[in-house]
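Reading the structure
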Amino acid sequence: MSSPENLPLETAQKIILRWDSTASEEAREKMIFDHSTNRDEIDLYLQAVDEIQRSISSASLSDNHHSKPSSTIQIAMARLEDEFRNILISHTNSIDPPLDEDSSFSSSTTKRHQDFKNDDDEENEDDDQNDDKLLRFDSTCSVATTATSSSYRSTSSIREIDLIPSEAVSDLRCIADRMISSGYLRECIQVYGSVRKSAVDLNFKKLGVEKLSIGDVQRLDWEQLETKIRRWIRAAKVCVRTLFASEKRLCEQIFEGIGTSIDDACFMETVKGPAIQLFNFAEAISISRRSPEKLFKILDLHDALMDLIPDIDVVFDSKSSESIRVQAAEILSRLAEAARGILSEFENAVLKEPSKVPVPGGTIHPLTRYVMNYISLISDYKQTLYELIVSKPSTGPRYDPLNPDMDFDELEGKPPLAIHLIWIIVILQFNLDGKSKHYKDASLSHLFIMNNVHYIVQKVRGSPELREMIGDDYLKKLTGKFRQAATSYQRATWVRVLYCLRDEGLHGSGGFSSGVSRSALRERFKAFNAMFEEVHRTQAVWLIPDSQLREELRISISEKLLPAYRSFLGRFRSHIESGRHPENYIKYSVEDLEDAVLDFFEGIPVSQHTRRRSQ
């Protein structure tokens with residue numbers, strides 16, 4: 001290539017005019033910076049532009065010079081603007097982010113989001129129909145993508161990739177340098193920003209980032225939002241760590257050193273709108289109406305944004321991008337406040353849950369399932385919630401005069417989140433105690449409490465995280481409550497039955513030695529038969545879903561009933577059998593009672609038990 005001194009001004013002007021697209025069809029149809037163009041021709045054009053620029057700035061240039069270099073430079077700048085745009089457009093492609101951009105969050109949260117209807121009590125599918133108004137959580141999809149670019153550098157969690165080949169970057173820098181030095185900074189930034197913003201929009205579309213206003217987001221139903229939140233979390237990580245970071249790097253490659261903060265101006269021209277669009281979604285969620293089912297997705301958003309904040313600070317580190325950093329930090333704060341508010345509102349909702357219709361058979365109430373599954377998920381977020389609650393200690397539970405059994409001295413020294421979870425269980429028990437009073441049968445009321453508190457205990461025992469937070473001391477207290485309920489059930493049901501098997505009242509006025517009153521004995525057997533048949537008929541349709549608990553209670557009943565009946569029968573059988581129609585009074589053998597007890601708490605009518613045994 002010839003040196004600038006060897007390129008006369010007139011020659012430089014001819015080169016510029018030859019590529020004037022307004023004057024030549026050939027110039028309109030062909031691009032200078034094209035792979036088919038000889039590199040020497042590209043260099044010659046740039047040399048010509050340099051010569052014109054020098055001539056304009058030269059003090060020796062005559063005012064009446066006929067070559068009019070100022071008009072020539074306008075033609076050159078129009079041409080370079082077209083060339084600049086064409087290079088950018090020809091290299092506008094969607095990106096494939098590195099694998100770990102997407103998979104890190106998905107793998108960590110798949111465990112957290114189990115469908116709320118997946119429960120360990122398959123017998124209660126009918127009850128689960130009542131859970132439709134409660135929370136449901138879908139499994140988080142894990143979508144892995146692979147990087148097609150072999151060139152990216154790693155700075156912490158940021159993954160920058162080459163958006164444009166190095167040769168094209170070099171050409172863009174050469175053009176930008178000449179446009180800016182000729183006073184065409186604004187045009188250069190506008191062209192760059194418009195083309196690269198289109199590239200960002202293309203990648204947004206591929207990542208599933210939609211153009212939704214805050215109002216649009218708040219009008220969506222929750223099921224739609226759940227899907228969009230999952231998609232947003234994946235997309236936000238790729239956008240910040242790969243897409244925006246790579247756009248910033250590209251700006252630096254093209255513009256850094258050409259002028260003061262030009263690279264930052266181009267970067268903000270490109271990504272400010274898309275960044276605001278991206279964060280507007282999270283902002284809309286943070287200020288939307290609070291409801292319990294939103295807690296875990298809000299926590300997912302909070303965790304994802306918290307994880308991204310350091311990267312946002314790196315990518316948007318300039319004064320001009322301060323608004324992006326501020327917006328992200330404010331959204332994070334609002335998400336935290338929303339999570340705290342939802343937790344407090346959840347406690348209040350559990351306390352005031354209004355259903356008064358007793359669940360059939362005294363089985364586990366849908367509220368119990370709902371609450372315990374909910375707090376099991378809360379325990380998966382214990383680190384996040386611990387930090388959120390500690391930062392706002394005023395959100396802790398307060399003593400409620402409606403719940404006098406809560407001894408807050410027991411909670412001293414426990415972490416705030418543990419206190420919250422215990423408090424929720426206490427509130428749940430208080431509500432269940434109220435619901436138990438809607439049963440007309442006292443025995444069934446006690447069975448209901450036993451079932452539900454036992455379910456609470458099993459849920460706590462089944463989750464190592466939850467058990468650690470609740471603590472063994474409170475777990476023992478819960479265990480004692482369901483065992484006390486089992487004892488109360490047995491007293492309410494079987495004291496009356498066993499009372500029929502007492503000796504008192506069966507002898508004549510002369511005392512025991514005066515003999516047994518056959519009529520009194522017959523009445524006693526009749527009373528026992530009637531009571532047992534009623535208990536058997538009624539309590540066969542009551543339900544204890546947990547098989548081990550059901551068996552334990554049956555054994556406890558048998559240990560009290562069978563020895564008492566065996567003894568009573570042994571003492572008085574002969575008095576009945578020596579009379580008329582003994583079968584009307586002695587209707588059961590000990591073995592019959594033993595078999596009948598096996599029918600209890602199955603949730604199946606006695607007639608069906610009879611048919612099952614006969615088959």
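These numbers were taken from a predicted model, which means no experiment stands behind them.

Rules and cut-offs
Residues numbered from 1 in each chain as written. Predicted model: local features only at pLDDT ≥ 70, side-chain atom pairs only at ≥ 80, totals over all residues. Heavy atoms only, no water. Helix = DSSP H or I, 4+ residues; strand = E, 2+ residues; numbered from the N terminus. Buried < 20%, exposed > 50% of the residue type's maximum accessible area, 1.4 Å probe, protein only. Contact = heavy atoms within 4.5 Å. 1 Å grid on protein atoms, 1.4 Å probe; cavity = no way out; pocket = protein on both sides within 12 Å on 5 of 7 lines; lining within 4 Å. Points joined across faces, edges and corners; volume = space filled by probe spheres on them. Nonpolar A, V, L, I, M, F, W, Y, C, P; charged D, E, K, R; others polar. pLDDT = per-residue confidence, 0-100. Axes fitted to C-alpha atoms, helices over the stretch in contact; angles between N-to-C directions. Parallel < 35°, antiparallel > 145°, perpendicular 65-115°, else oblique. Left-handed = near helix turned anticlockwise from the far one by under 90°. Core = buried A, V, L, I, M, F, W, Y, C linked by side-chain atoms within 4.5 Å. Expected span 1.5 Å × (residues − 1). Polar contact = N/O pair within 3.5 Å; in protein donor to acceptor, adjacent residues only side chain to side chain. Salt bridge = Lys/Arg side-chain N within 4 Å of Asp/Glu carboxyl O. Phe/Tyr/Trp six-rings, centres within 6.5 Å; stacked < 30°, edge-to-face > 60°. Lys NZ or Arg CZ within 6 Å of the ring centre and 35° of its normal. Patch = residues over 30% accessible without salt bridge, like charges linked within 9 Å, V, L, I, M, F, W, Y side chains within 5 Å. Areas by Shrake-Rupley, 256 points an atom, 1.4 Å probe, with all protein chains shown as cover. Lys, Arg positive; Asp, Glu negative; His and termini not counted. Charge placed at Lys NZ, Arg CZ, Asp CG, Glu CD. Disulfide = S-S within 2.5 Å.

Another point: the overall build of the protein. Counting its regular elements, the protein contains 23 helices and 2 strands. Out of the 615 residues in the protein, the part that is buried amounts to 50%. Contacts in the protein between residues far apart in sequence, at least 24 positions, make up 81% of those at least 6 positions apart.

A word on empty space enclosed by the protein. This structure, assessed with the given rule, holds 3 cavities of 30 Å³ or more. In this structure, the largest cavity occupies an estimated 120 Å³ of space. Every residue along the wall of the largest cavity is listed here: Gly208, Val209, Glu210, Leu212, Lys228, Arg231, Trp232, Gln277, Leu278 and Phe281. For the lining of the largest cavity, the secondary structure elements donating two or more residues are α10 (222-255) and α11 (262-286). The residue inventory of the lining of the largest cavity, partitioned by class, reads 5 nonpolar, 2 polar and 3 charged.

For the protein, per-residue confidence averages 82 on the pLDDT scale, and residues scoring 70 or more make up 81% of the total. Within the protein, helix α17 (residues 442-461) carries the highest mean pLDDT (97), whereas strand β1 (residues 152-155) carries the lowest (39). Counted against residues more than four places away or in other chains, residues 99-112, with its pLDDT under 50, gives 30 contacts. Contacts for the low-pLDDT stretch residues 114-118, under 50 throughout, to residues beyond four places or in other chains number 11 contacts.

The N-to-C vectors of helix α1 (residues 9-18) and helix α3 (residues 39-57) enclose an angle of 120 degrees; their axes lie 9 Å apart at closest approach. By the angle between their axes, α1 is oblique relative to α3. For the pair α1 and α3, the sense of crossing is left-handed. Contacts between α1 and α3 involve Leu9, Ala12, Gln13, Ile15, Ile16 and Arg18 on the former and, on the latter, Glu41, Leu44, Tyr45, Ala48, Val49, Glu51, Ile52 and Ser55. Class assignment for the residues of the contact of α1 with α3 results in 9 nonpolar, 2 polar and 3 charged.

A few words now on the nonpolar core. Of all hydrophobic cores here, the largest spans 175 residues; its most connected members are Phe244, Phe255 and Ile378. The element best represented in this core is α10, accounting for 17 residues. When residues no more than four places from it in sequence are discounted, the contact partners of Phe244 are Val200, Phe204, Cys239, Phe267, Val271, Pro274, Ala275, Leu278, Val315 and Phe316.

Right, let's talk about α3 for a bit. Here α3 contains 19 residues, and its C-alpha end-to-end distance of 27 Å stays within 8% of the 27 Å for a straight helix at 1.5 Å per residue. Within the sequence span of α3, burial applies to Ile42, Tyr45, Leu46, Gln47, Ala48, Val49, Glu51, Ile52, Gln53 and Ser55. The opening residue of α3, the one whose side-chain oxygen lies 2.7 Å from the backbone nitrogen of Asp40, is Asn38.

Tallied over the full model, the rule gives 35 salt bridges. If you follow the salt bridges from partner to partner, you end up with Lys237, Arg241, Asp307 and Asp311 in one network.

The subject of this paragraph is the packing of aromatic side chains. Applying the stated criterion across every chain, the model contains 23 aromatic pairs. Judged by centre distance (4.9 Å) and plane angle (20 degrees), the rings of Phe528 and Tyr565 are stacked. Of this pair, Phe528 sits in helix α20 (residues 518-539) while Tyr565 sits in helix α21 (residues 547-577); the two residues are 37 residues apart in sequence, bridging distant segments of the chain. Pair check on accessibility: Phe528 and Tyr565 agree, each one buried. Ring-pair connections join several aromatic residues into one group, and the members of that group are Tyr489, Trp494, Phe528, Phe532, Tyr565, Tyr588, Phe600 and Phe601. A cation over a ring is seen here: Arg502 above Tyr499, with NZ or CZ 3.6 Å from the ring centre.

With respect to the element layout, Trp232 can be found in helix α10. Expressed as a C-alpha distance, the spacing of Trp232 and Leu207, which sit 25 residues apart in the sequence, is 8.4 Å. Excluding residues that lie within four positions of it along the chain, Trp232 makes contacts with Leu278, Phe279, Phe281, Ala282 and Leu301.

Let us look at unusual backbone geometry. Even without a glycine there, the phi angle at His581 is positive, about 45 degrees. As for its placement among the helices and strands, His581 is situated in the loop between α21 and α22 (590-597). Classification of His581 by relative accessible area gives partly exposed; the value is 44%. Despite not being glycine, Phe601 shows a phi value in the positive range, around 65 degrees. Following the sequence through the fold, Phe601 ends up in the loop between α22 and α23 (606-614). The class for Phe601 is buried, based on a relative accessible area of 0%.

We now examine a negative patch on the surface. Together, Glu591, Asp592, Glu594 and Asp595 give the surface a local cluster of negative charge. Within the secondary structure layout, Glu594 lies in helix α22. A residue is classified by how much of its surface remains accessible, and Glu594, at 42% relative accessible area, is partly exposed.

With that settled, consider the state of the cysteines. Scanning the entire structure with this criterion turns up 0 disulfides. No disulfide involves Cys266; its sulfur sits 5.5 Å from that of Cys251, the nearest cysteine. For Cys266, a relative accessible area of 0% gives the class buried.

Let us now look at the environment of Ala349. Of note, Ala349 is situated in helix α13 (residues 322-352). Note on Ala349: relative accessible area 37%, which makes it partly exposed. Along the sequence, Ala349 and Ser291 sit 58 residues apart, while their C-alpha atoms lie 9.8 Å from each other.

This part covers the packing of α13 against helix α14 (residues 366-380). Relative to each other, α13 and α14 sit at 160 degrees, their axes nearing to 12 Å. In terms of orientation, α13 lies roughly antiparallel with respect to α14. Relative to α14, the crossing made by α13 is left-handed. Contacts between α13 and α14 involve Ile342, Leu343, Phe346 and Val350 from the first element and Leu367, Tyr370, Val371, Tyr374, Ile375 and Ile378 from the second. Partitioned by chemical class, the residues of the contact of α13 with α14 number 10 nonpolar, no polar and no charged.

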